[in-house]
Amino acid sequence: VRLGVFKIWEPAIFSLTPEVPSIILPWVLREKQYKPKRITLFAADFAASCVASPIIEEYLKLKVMQWTCKLPRNFKQSINVQKTKRRKKLSYVLQPVRSKDAPQVANINCYITQMLAASLGLKLFDVSRRILMYTKETDEYKRIYAVCRGTFPIHELCGTMTALLLARRDVVGDNLPQWKIIGPAVFLHAMANFRGMKPIFKWNSSTPWSEMQINRLKKDDNGYIWKQLIPQTYSKLVWMTILFRVFGFCIKNYYLVGRQAMKRTTTYSGKLYAFNAKLQTDAMLKKTKND
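Just so it is clear, the model here is predicted, and its values are computed rather than measured.

### Let's talk about the packing of aromatic side chains
Counted by the stated rule, this structure contains two aromatic pairs. Their ring planes at 85° and their centres at 6.1 Å tell us that Phe46 and Phe194 sit as a pair that is edge-to-face. Here Phe46, found in helix H2 (residues 38–68), pairs with Phe194, found in helix H6 (residues 178–194); they are 148 residues apart in sequence, far enough to count as distant. For Phe46, a relative accessible area of 36% gives the class partly exposed. Take Phe194: its relative accessible area is 54%, and that puts it in the exposed class.

See below:
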């Protein structure tokens, strides 16, 4: 990603090749005493940290969950290829994997728990590495920052949103493409990275307060460290409000998806088309209300 940005904004750096392999050009500019433009550095860092990294991390968590366990589901998404005179048109179709007489899946708890396990595993790897790197004698409040790293809930919130949307597709039968399933999590993760949270490929850990979007702790004679952790600026208050709204979104959709899955097996048992019509009607009414 960085190499592509430099190809567009700083093509002059490729004059260093073949002395320097092009694949490592963005990381050796300082050694070669080459100073790129500030807008180029910002664009490269934004593309890598706020676009590519959130997509890769959220997609990796989804795949880890799918590879490590067999989730119960009622539907399976397949690709339908429609050939036309000019080109092939791809569409995604949901096909039932259970017969009408077979028991249907109505519990989505396994989706949440398995995704939280995958998210916490990735978070444990990242947080442990950063805690072990913040161990210099001049580093202050090591234990407090270590605890705050563990409680910073970005990975958990992103994973929960992905799990709920996946359950809506595989259990309820709402035909969602892959990008819509991980899209909200990628957007929240990108916002956190833009505010200072380090992506998983960055190893520097000298400013943990910026990574968790909290105030930098200072020595206070009164000893009230917890007062410094309270957001004191408008931007931090807005960010905390966004996180609480995302948490509310997860609770609300956990209840709604669970209720829809239960209705599908009770009220609309054996009436798949009627249930799909109800889902489409609810989506249209919600869209009309938002407009």
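### A short note on the packing of helix H3 (residues 109–133) against helix H4 (residues 142–151)
For any two helices packed against each other, one specifies the inter-axial angle together with the distance between the axes. The geometry of H3 relative to H4 is characterised by a closest axis approach of 10 Å and an angle of 165° between their N-to-C directions. The angle between the axes of H3 and H4 places the two elements in the roughly antiparallel class. When the axes of H3 and H4 are compared, the crossing they make is right-handed. Each of Lys123, Val127, Arg130 and Ile131 in H3 lies in contact with H4, whose residues at this interface are Ala146, Arg149, Gly150 and Thr151. Of the residues that constitute the contact of H3 with H4, the class distribution is three nonpolar, two polar and three charged.

### Some details on the nonpolar core
Within soluble globular proteins, side chains that are nonpolar tend to cluster in buried spots. Ranked by internal contacts, the top residues of the largest apolar core, which has 42 residues, are Met65, Tyr111, Tyr145, Ile154, Leu166, Leu188 and Trp239. Elements supplying a minimum of two residues to this core: H2, H3, H4, helix H5 (154–172), H6 and helix H9 (234–265). Within the second largest apolar cluster, 11 residues are counted, among which are Val5, Phe6, Val28 and Ala47.

### Describing the pattern of salt bridges
Scanning all chains against the criterion turns up five salt bridges. Between Glu156 and Lys123 there is a salt bridge, and its shortest N-O distance comes to 2.8 Å. On the criterion of sequence distance, the pair formed by Glu156 in helix H5 and Lys123 in helix H3 is long-range, its members being 33 residues apart. One exposure class covers both Glu156 and Lys123, and it is buried. With a closest N to O distance of 3.0 Å, Arg130 and Asp126 form a salt bridge. Here Arg130 pairs with Asp126, and both are found in helix H3, just four residues apart, close to one helical turn. As far as burial versus exposure is concerned, Arg130 and Asp126 are alike and both buried. Linked by salt bridges that have partners in common, Asp126, Arg129 and Arg130 make up one network.

### Things to note about the side chain of Glu156
By relative accessible area, which is 16% here, Glu156 ends up buried. Among all residues touching Glu156, those that are not within four sequence positions of it are Leu116, Leu120, Lys123 and Gly150.

### Section: H4
Among the residues of H4, Tyr145, Cys148 and Arg149 are the ones counted as buried. For H4, the buried positions fall inside an angular range of 105° around the axis, keeping them on one side. Residues of H4 that are exposed and angled more than 90 degrees away from the buried face: Arg143, Val147 and Thr151.

### Notes on the side chain of Glu57
With respect to the helices and strands, the residue Glu57 is situated in helix H2. Look at Glu57: it is buried, it has no salt bridge, and the nearest opposite charge is Lys61 at 6.3 Å. Separated by 2.8 Å, the side chains of Glu57 and Ser53 make a polar contact. Here His189 takes part through its side chain, which lies 3.4 Å from a polar atom of the side chain of Glu57.

### Focus on empty space enclosed by the protein
Per the stated rule, a full pass over the model turns up one cavity of 30 Å³ or more. If you add up the space inside the largest cavity, you get close to 150 Å³. For the largest cavity, the full set of lining residues is Lys123, Asp126, Val127, Arg130, Arg149, Phe152, Ile154, His155, Met197, Lys198, Glu211 and Met212. Elements represented by at least two residues in the lining of the largest cavity include exactly H3 and H5. With four residues, H3 is the single largest residue contributor to the lining of the largest cavity. Residue classes in the lining of the largest cavity are distributed as five nonpolar, one polar and six charged.

### Structural notes on the environment of Ile154
Within the fold, Ile154 resides in helix H5. For the pair Ile154 and Ser119, spaced 35 residues apart in the sequence, the C-alpha separation amounts to 9.4 Å. Among all residues touching Ile154, those that are not within four sequence positions of it are Ala192, Met197, Trp239 and Leu243.

Quick notes on the rules
- Residues numbered from 1 in each chain as written.
- Predicted model: local features only at pLDDT ≥ 70, side-chain atom pairs only at ≥ 80, totals over all residues.
- Heavy atoms only, no water.
- Phe/Tyr/Trp six-rings, centres within 6.5 Å; stacked < 30°, edge-to-face > 60°.
- Helix = DSSP H or I, 4+ residues; strand = E, 2+ residues; numbered from the N terminus.
- Buried < 20%, exposed > 50% of the residue type's maximum accessible area, 1.4 Å probe, protein only.
- Axes fitted to C-alpha atoms, helices over the stretch in contact; angles between N-to-C directions.
- Parallel < 35°, antiparallel > 145°, perpendicular 65-115°, else oblique.
- Left-handed = near helix turned anticlockwise from the far one by under 90°.
- Contact = heavy atoms within 4.5 Å.
- Nonpolar A, V, L, I, M, F, W, Y, C, P; charged D, E, K, R; others polar.
- Core = buried A, V, L, I, M, F, W, Y, C linked by side-chain atoms within 4.5 Å.
- Salt bridge = Lys/Arg side-chain N within 4 Å of Asp/Glu carboxyl O.
- Arc of directions from axis to C-beta.
- Lys, Arg positive; Asp, Glu negative; His and termini not counted.
- Polar contact = N/O pair within 3.5 Å; in protein donor to acceptor, adjacent residues only side chain to side chain.
- 1 Å grid on protein atoms, 1.4 Å probe; cavity = no way out; pocket = protein on both sides within 12 Å on 5 of 7 lines; lining within 4 Å.
- Points joined across faces, edges and corners; volume = space filled by probe spheres on them.

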